[in-house]
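# Structural features, examined
Residues per chain are reported as follows:
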Amino acid sequence: MAGMNRFYSKDSLENLMAFGLALFCTSILLVLLGVSPWSTFIAILEGSVLGLDSLSRVFVITSIMSLSAFALIVTFSCNMWNIGVEGQMMLGAIGAVFVARSFIGDTLLSIPFMIIAAMCFGGIFGLICGLLKTKGSVHEIFAGLGLDFVAAGLIVYLVIGPWKKEGIASTSGTDIIPEMSWFPHLFDFKFPIIPILLFGSMYLILRFIYAKTSLGLKLKSVGSNTNAFSRLGLSPDMYILFGFLIAGAVVGLAGAIQVGSIYHKLVPYISGGYGFLGILIALVSGRKLSIAIVVSAFFACLVVGGSTLQIKLGLHASLPGIIQASIVLFWLMIKASSVHIKLINAVSKSYGHS
Amino acid sequence: MAIVEFEIILAAIISMSAPLVLAVVGETISERVGIVNLSLEGSLLITAMIGFAVASITGSVLLGFIAAALLGGIIALLICFANITLYINMIAVGFTLTILLGKLSSYLGQPFVRIPGPYVPQIEVPWLKEIPIIGKAVIDQNVVVWLSIASIIIAWWFLYKTKSGLVLNAVGENPYSADARGINVKFIKYFYGTLGGAIVGMAGASFSLHSIYGWSNGHTLNYGWICLAIVIFGGWNPVRGAIGAYAFGGLQIMALKLQGVLFGLSQVLPLIPFPLMIMSLILIQYSQDKQFIPNRVRSILFGNQPEHLGDTFKRG
């Protein structure tokens, strides 16, 4: 074991073992479903990273999922569940479309203003969830869930109401936004520079906040011991609100990416379930920002490569979702029952380590 | 003429709401004992699929319901095991299961998409169906509708008028006090959590074998979330919850009638319970904090959230 410690930290080894076991259990589930895990994972790999178009989509979806997971990690640090992440992403998308449809939409200023608006709209919606929790004593899970559907209703209202297509009201979405508001690609191989810059900078900012600022320390301590926090004369409510505000702003950016890089318009349920997937990613990444990026990339490969499953193996489109959710479920079970630790100990004993 | 039309509309509301009423009753029992079954959205989907699949293969609607109830119970048992034995946060497990079960229902349900299959038959009750209003609305229906109405009465009576109901409520309100009084908290949570899940399973089968015949991808989409909202709107009381479900059924009928006039109403309608849920929760808390309504009246109007709802019980 001592030899291992030179190369790996105990935590990362345990997490790796838990993830490996979860993947193994998921493979067994796939076999039970009559699917070959090997062919499935190879097809997903081929369909996701072996083409420029698909690789570009992997980058975009990794950005969206990472931002969702970051938002969850921020509120988890305050010991709060942010189920409202889908709604905050939808509000971010509304903010971005609002700018793109305005007089700025056809100018160079559009993209920076879309980003700012998405952060503001998402942040405010996150703040509402926090206010319901701190001022209205509404459990954040129910408040978040309710706000998700309020946001969905708001989009439907906008799409068939004030922002309806020229001449007709259709739930297929608003008119396409001006091309100046589309997030540009870098070079010919469709490198999605803005989504990557957005989630990369958010990663660095959040790491800085948690590692170097008193705000980060307070966000963490309000989650770990609220009573002690109050005794120090600090207001837990204020920092919970901060947490929701930051989370909403971060995931609002994912909404802007959905508009600027993928849809180029506002459509009902524009969040596409990525917010909910962000919850799974935050859980399986042990609430660590860097691991969340790796898991997001893996999940993004599953989403993008999933379409290949249909074409190559004739498998149903729901399979990537089954793989994602079962990995998380098995991971939770394995971590809680400490099977992975027992296995590490057994292996190290059999190799003669203490 | 007006009475006949009223009878028809009332019968349609009661019939259409039956699966949601069953789901609300099941989740209310589960939440009263402190278990939040957040897998509801996925549970309803997969039990609707299994109920229809088993009924189609065997030709027996009853077997379809039994299979769905068993599966619903097993899913709830898994959540109980994860939370009560492994101490995993029940929200995390429930939420993960929602996504997994929803996708599994699409995958496993492929052979049954849009095929004709059995459904719960109407039962003729010769004399009683002639009773004004009740005859048409309640009696001239099928077993699912009768079961949904019976479930409200039985659940209310059980929760508030029996000793076992008192024990169930005590565990949900304060498991530690209940434990100190010698109640087997873990067993009670396991038992009623699983029972609630089994009733939810029957609700799932009611969708595919009664109100929305057959199976298609996302057959009961959003009904699980709507059910969670209605349980809260109903203040964790099966009677108020059922009223919420019937009100939602009424809105659905209204939307069908107004679809030609008000475009988009059918899209917005499923979202209405959610702001109502938030407002209910604010009112419950506000009235509790400000004490401007006597406790007894407040409890009748809004109900009480079980004190330890969603908490993981760990014996000191």
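Described in the following lines is the structure provided in the data block. This is a predicted model, so every value here is computed, not measured.

## Quick notes on the overall build of chain B
Of regular secondary structure, chain B possesses 14 helices and zero strands. Radius of gyration (C-alpha) of chain B: 20 Å, near the 20 Å computed for a compact globule of 316 residues. Dimensions of chain B along its principal axes, counting C-alpha atoms only, are 60 × 45 × 40 Å. Buried positions account for 55% of the 316 residues belonging to chain B. If you take every contact in chain B between residues at least 6 apart in sequence, the share linking residues at least 24 apart comes to 77%. Charged side chains in chain B number 17 positive and 13 negative. The centres of these two groups are separated by 7 Å.

## Brief notes about the side chain of Ser106(B)
Counting through the fold element by element, Ser106(B) comes out in helix α4 (residues 90–108). With a relative accessible area of 13%, Ser106(B) lands in the buried category. For Ser106(B), the residues in contact, after removing those within four places along its chain, are His316(A), Ser318(A), Trp215(B) and Asn217(B).

## Observations regarding a nonpolar patch on the surface
Residues and elements named next belong to chain B. A surface patch of nonpolar side chains, amounting to about 540 Å² of accessible area, comprises Ile 3, Phe 6, Leu 128, Ile 131, Ile 133 and Ile 134. Its location among the elements puts Ile 131 in the loop between α4 and α5 (134–139). Classification of Ile 131 by relative accessible area gives partly exposed; the value is 36%.

## A word on the packing of helix α10 (residues 223–233) of chain B against helix α11 (residues 238–258) of chain B
All names here are of chain B. Contact pair α10 / α11: the axes reach a minimum separation of 8 Å and the direction vectors enclose 130°. Taken as axis vectors, α10 and α11 run oblique relative to one another. The crossing of α10 and α11 is right-handed. Contact residues: Tyr 223, Ile 226, Ile 230 and Phe 233 in α10; Gly 241, Gly 244, Ala 245, Phe 248 and Gln 252 in α11. Here the contact of α10 with α11 is composed, by residue class, of six nonpolar, three polar and no charged.

## A closer look at the packing of helix α8 (residues 193–212) of chain A against helix α13 (residues 289–313) of chain A
Residues and elements named next belong to chain A. Relative to each other, α8 and α13 sit at 155°, their axes nearing to 10 Å. Here α8 is positioned roughly antiparallel relative to α13, judged by the angle of their axes. From α8, Phe 199, Tyr 203, Leu 206 and Arg 207 reach across to α13, where they touch Leu 289, Ser 290 and Ile 293. When its residues are assigned to classes, the contact of α8 with α13 shows five nonpolar, one polar and one charged.

## Points about the interface of chain A and chain B
Listed as interface residues are 42 residues of chain A and, on the opposing side, 38 residues of chain B. Counting across the chain A and chain B interface gives zero salt bridges. Remark: the boundary between chain A and chain B carries zero residue pairs in polar contact (both at pLDDT 80 or more). Those elements giving two or more residues to the side of chain A that touches chain B turn out to be α7 (140–160), α12 (274–284) and α14 (319–337) of chain A. Ranked by residues supplied to the side of chain A that touches chain B, first place goes to α7(A) with 12 residues. Along the lines of polarity and charge, the residues of the side of chain A that touches chain B split into 31 nonpolar, 11 polar and no charged.

## Observations concerning the state of the cysteines
Enumeration over the complete set of coordinates arrives at zero disulfides over all chains. Here Cys129(A) is not disulfide-linked; the sulfur of Cys78(A) is the nearest cysteine sulfur, at 12 Å.

## Section: the side chain of Ser48(A)
Residues and elements named next belong to chain A. Within the secondary structure, Ser 48 is located in helix α3 (residues 37–49). For Ser 48, a relative accessible area of 0% gives the class buried. The contacts of Ser 48, once residues within four sequence positions are left out, are Ser 54, Leu 55, Val 58, Cys 301, Val 304 and Gly 305.

## Looking at the packing of aromatic side chains
Summed over the entire model, instances satisfying the criterion amount to 18 aromatic pairs over all chains. Ring geometry for Phe276(A) and Trp225(B): centres 6.0 Å apart, planes at 40°, overall tilted. Remark: Trp225(B) occurs in helix α10 and Phe276(A) occurs in helix α12; the pair is interchain, linking two chains. For the pair Phe276(A) and Trp225(B), one class covers both residues: buried. Their ring planes at 45° and their centres at 5.1 Å tell us that Tyr176(B) and Phe313(B) sit as a pair that is tilted. A residue pair is termed long-range when its members are at least 10 positions apart, and Tyr176(B) in helix α8 (residues 175–180) and Phe313(B) in the segment after α14 (295–302) qualify at 137 residues. You can call Tyr176(B) partly exposed: its relative accessible area is 37%. Within the aromatic cluster, the residues linked to one another by ring pairs are Phe158(B), Phe187(B), Phe191(B) and Tyr192(B). The ring centre of Phe76(A) lies 4.2 Å from the NZ or CZ of Arg287(A), which sits over that ring.

Each value, and the rule that gives it
Residues numbered from 1 in each chain as written. Chains lettered and ligands numbered in written order. Predicted model: local features only at pLDDT ≥ 70, side-chain atom pairs only at ≥ 80, totals over all residues. Heavy atoms only, no water. Helix = DSSP H or I, 4+ residues; strand = E, 2+ residues; numbered from the N terminus. Rg over C-alpha atoms; globule rule 2.2 N^0.38 Å. Buried < 20%, exposed > 50% of the residue type's maximum accessible area, 1.4 Å probe, protein only. Contact = heavy atoms within 4.5 Å. Lys, Arg positive; Asp, Glu negative; His and termini not counted. Charge placed at Lys NZ, Arg CZ, Asp CG, Glu CD. Patch = residues over 30% accessible without salt bridge, like charges linked within 9 Å, V, L, I, M, F, W, Y side chains within 5 Å. Areas by Shrake-Rupley, 256 points an atom, 1.4 Å probe, with all protein chains shown as cover. Salt bridge = Lys/Arg side-chain N within 4 Å of Asp/Glu carboxyl O. Axes fitted to C-alpha atoms, helices over the stretch in contact; angles between N-to-C directions. Parallel < 35°, antiparallel > 145°, perpendicular 65-115°, else oblique. Left-handed = near helix turned anticlockwise from the far one by under 90°. Nonpolar A, V, L, I, M, F, W, Y, C, P; charged D, E, K, R; others polar. Polar contact = N/O pair within 3.5 Å; in protein donor to acceptor, adjacent residues only side chain to side chain. Disulfide = S-S within 2.5 Å. Phe/Tyr/Trp six-rings, centres within 6.5 Å; stacked < 30°, edge-to-face > 60°. Lys NZ or Arg CZ within 6 Å of the ring centre and 35° of its normal.

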